[in-house]
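What the coordinates show
For reference, the chains in residue letters:
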Amino acid sequence: MMAKKREKLLEVKGLKTYFFTENGVVKAVDGVDFDVYKGETLGLVGESGCGKSVTAFSIMRLLDYPGKTVGGRVVFEGENLLEKSEDGMRKIRGKDIAMIFQEPMTSLNPVFTIGYQISEALKIHLHMNDREAMAKSVELLKKVGIPIPEQRVHEYPHQLSGGMRQRAMIAMAMSCDPTLLIADEPTTALDVTIQAQILELMKALLQEFNASLIMITHDLGVIAEIANRVAVMYAGKIVEYSDINTIFHFPLHPYTFGLLTSIPRLDVELKRLDAIPGFVPDPLHFPKGCKFNPRCRFATDKCREEEPPLVKVEEGHLVRCWHVDRVKEEVKNGLLVGV
Amino acid sequence: MAKPILQVRHLVKYFPIKKGVFRKTVGWVRAVDDVSFDVYEGETLGLVGESGCGKTTTALTILRLEEPTRGQVIFDGKDITKLKRRDMRKMRKGMQIIFQDPYSSLDPRMKVKDIIAEGMLTHNMLNGRNVYKRVGELLERVGIPADYMNRFPHEFSGGQRQRVGIARALALEPKIIMCDEAVSALDVSIRSQIINLLKDLQNEFKFTYLFIAHDLSVIKYISDRVAVMYVGKIVELADKKVFFDDPLHPYTQALISAVPVPNPDYKKKRIVLQGDVPSPANPPKGCRFHPRCFMAMDICSKVEPELVEVKPGHFVACHFYDKKGGNS
């Protein structure tokens, strides 16, 4: 799915966010580069602790001590967000860039009504008065499929179900017509039938608003459903970066490869799960060389010594691995035979 | 297939809703409402459903960790709902459970070796001297070095703790193991390791599993037969292949179609259900699924459908397939 005329909306370059803890420096995000084009959805996928959420928080500049972005650039519509003043940042958050969080119960304020919380951004960014903002809130709630919005707008978060709260949060995110949406595991806490509702809703809204989305998730199924391009993260770095078809059919990083062959899935009958051995390394004690090497069956001495760079294998396909050729040999005929 | 090792008959578990100063019971949460099924020796029965559907309460009630309100549980030919506390404790040696959260299900103040040895000592399976040797063997079997037995749970990662939980269940040489969302809290790459381990152990020791999960992909991989629950009831039960290839209940169809598949080329017709799962404290009249059902008929809002065998081994609770309901 190649976008028509690709116009860059966001450019993240060499982003480094470290946590200065008592036990040492945790390099949660350690040199991350990616672009988001207008109207596209970029999937950011990885396991817990790989740095995908920290990346999002760094873009929004929402990190607190001991976390600090120590390097890189985040260029949004031509401006480096990392150099902006807090005031300037506040003008962007919730207006041009909006965020949807995983747990709407903890990210909505329990003591204010849904309507009040949606109105807040409308009043600040679009200078609406109370009545206009309330009317617009009702309209937004209707748009995200909340029944009887005139009544719901006066209710508190605890009066809504999990799926409805997530809809309300999406309404809030879309309120000021953002050009970039960042969703951090927005469906992870939801039941599967509700997840389907929310994904369908997000797809429809993205199209309607022509907004870009960074979708952060650990669920490769969700990625396959919504993303145009994907960045796979492992231990604070992007290890593979390409369009959606390549990632799922011709992955070239052993970690991506391993993730795809290890998960149980509905579309293929699997005899045995090809599990990745070992566990995600402790960020205070990352292995030397390639961070994936202790779990990698392609690993050689070189991998244990020297960290590979993220290199272009083909146009639009970047991989961080010394042994791309050997992996290529294995996936030559496509990862999934018989699909 | 073999004989049933576990027969659940009309199992009911209601929880009272209490209000006011005198804690008067004002209503009931019908967590499990007339559930019947068999689990055969050596098989894995997958029990799937969304949060609040009663799948965990079903497992806890079978083990009598929650006392059933009504109904029978026949384990190995004996009705265990009538057993006295002491006899029940003996019976539980044969029925073990692995919990979802490996953080809260292991006592943080006990060493791993004592957590695993506790059951074996309680049931006098081994004496104090031999028990730790056995603990070491069990740890090795689940993939943890035996010399880690002197450590405390917090020294292990989530995946390792789940392995400890498996070793603890394994220690009692049970006939059936209930896995209650045993892999749900784990990261993708760790989850497949644990699923493989559970499968290997089943091959080796011929366990029976009652595998409870909300993730249909995992259920499809691990189960021989699958039952789906909705608001306290089983609505469909069938062999895995039939369940996934030819589901009959509209809820099952919607559930399967809702699962995101990690393949961008995979085309399917998605049935998006409207509305939310109703509360088991106040389930809809008639068929509990009818307010969200895209096939609902008049009768569905009035009469509760029974779970009937529409084809050999394929049970469905839906008026659409019920001869009395008029259709097919």
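Keep in mind that this is a model prediction, so the values were computed, not measured. (Residues numbered from 1 in each chain as written. Chains lettered and ligands numbered in written order. Predicted model: local features only at pLDDT ≥ 70, side-chain atom pairs only at ≥ 80, totals over all residues. Heavy atoms only, no water.)

The next subject is the overall build of chain A. Scanning chain A from terminus to terminus reveals 13 helices and 12 strands. Taken over the C-alpha trace, chain A has a radius of gyration of 21 Å; the compact-globule value for 339 residues is 20 Å, and the two agree within 12%. A sequence separation of at least 24 residues applies to 64% of the contacts in chain A between residues at least 6 apart. Of the roughly 14900 Å² of accessible surface on chain A, 52% is carried by carbon and sulfur atoms. Considering chain A, the positive charge centre built from 42 side chains and the negative charge centre built from 45 side chains are found 2 Å apart. (Helix = DSSP H or I, 4+ residues; strand = E, 2+ residues; numbered from the N terminus. Rg over C-alpha atoms; globule rule 2.2 N^0.38 Å. Contact = heavy atoms within 4.5 Å. Areas by Shrake-Rupley, 256 points an atom, 1.4 Å probe, with all protein chains shown as cover. Lys, Arg positive; Asp, Glu negative; His and termini not counted. Charge placed at Lys NZ, Arg CZ, Asp CG, Glu CD.)

With that settled, consider the sheet that holds strand β4 (residues 67-76) of chain A. Residues and elements named next belong to chain A. One open sheet accounts for four strands, arranged β2-β1-β4-β5; its pairing is antiparallel. The sheet is open, and its two edges are formed by β2 (24-37) and β5 (79-80), each paired on a single side. Across two bridges, β4 lies against β5 in antiparallel orientation. Each residue of the ladder has a partner; that of F76, found in β5, is E79. Sheet strands in contact with helix α1 (residues 52-60) are β1 (8-21), β2 and β4, and its direction is about 110° off that of β1. (Pairing = 2+ DSSP bridges. Axes fitted to C-alpha atoms, helices over the stretch in contact; angles between N-to-C directions.)

A separate point is the nonpolar core. Within soluble globular proteins, side chains that are nonpolar generally end up buried alongside one another. Of all hydrophobic cores here, the largest spans 67 residues; its most connected members are I116(B), L198(B), F211(B), L216(B) and F243(B). Core analysis: the second largest hydrophobic core is formed by 39 residues, M169(A), I194(A), I198(A) and A211(A) among them. (Core = buried A, V, L, I, M, F, W, Y, C linked by side-chain atoms within 4.5 Å. Buried < 20%, exposed > 50% of the residue type's maximum accessible area, 1.4 Å probe, protein only.)

All names here are of chain A. Spatial ordering of the open sheet is given by β6-β7-β8-β3-β9-β10-β12-β11, a layout of eight strands whose pairing is mixed. With one partner strand each, in any of the chains shown, β6 (97-100) and β11 (311-314) form the two edges of the open sheet. For this sheet the average axis-to-axis angle between neighbouring strands, irrespective of direction, equals 20°. Relative to strand β7 (residues 180-184), β6 is paired through four bridges, and the arrangement is parallel. Bridging from a neighbouring strand, I97 pairs with L180 of β7.

Its 18 residues give helix α8 (residues 192-209) of chain A an end-to-end C-alpha distance of 26 Å, which sits within 8% of 26 Å, the value for a rise of 1.5 Å per residue. Positive phi appears at N210(A), one or two residues downstream of α8(A), with a value of about 50°. (Expected span 1.5 Å × (residues − 1).)

Right, let's talk about unusual backbone geometry for a bit. Across residues other than glycine, the phi torsion is negative in most instances, and most of the peptide bonds are trans. Residues and elements named next belong to chain A. The omega torsion of the bond from Y65 to P66 falls at 5°, within 30 degrees of zero and hence cis. Phi at H127 is positive, roughly 55°, even though this residue is not glycine. Following the sequence through the fold, H127 ends up in the loop between α4 (114-126) and α5 (130-143). By relative accessible area, which is 65% here, H127 ends up exposed. Look at I148: it is not a glycine, yet its phi comes out positive at around 40°. Of note, I148 is situated in the loop between α5 and α6 (149-152).

All names here are of chain B. An ideal rise of 1.5 Å per residue puts 20 Å on 14 residues; helix α4 (residues 128-141) measures up with 21 Å between its terminal C-alpha atoms. Within α4, burial applies to V131, V135, G136, L138 and L139. With its buried residues spanning 165° around the axis, α4 presents them on a single face. Among the exposed residues of α4, those pointing more than 90 degrees away from its buried face are R129 and K133. Downstream of α4 by a residue or two, G143 has a phi angle that is positive, lying close to 95°. (Arc of directions from axis to C-beta.)

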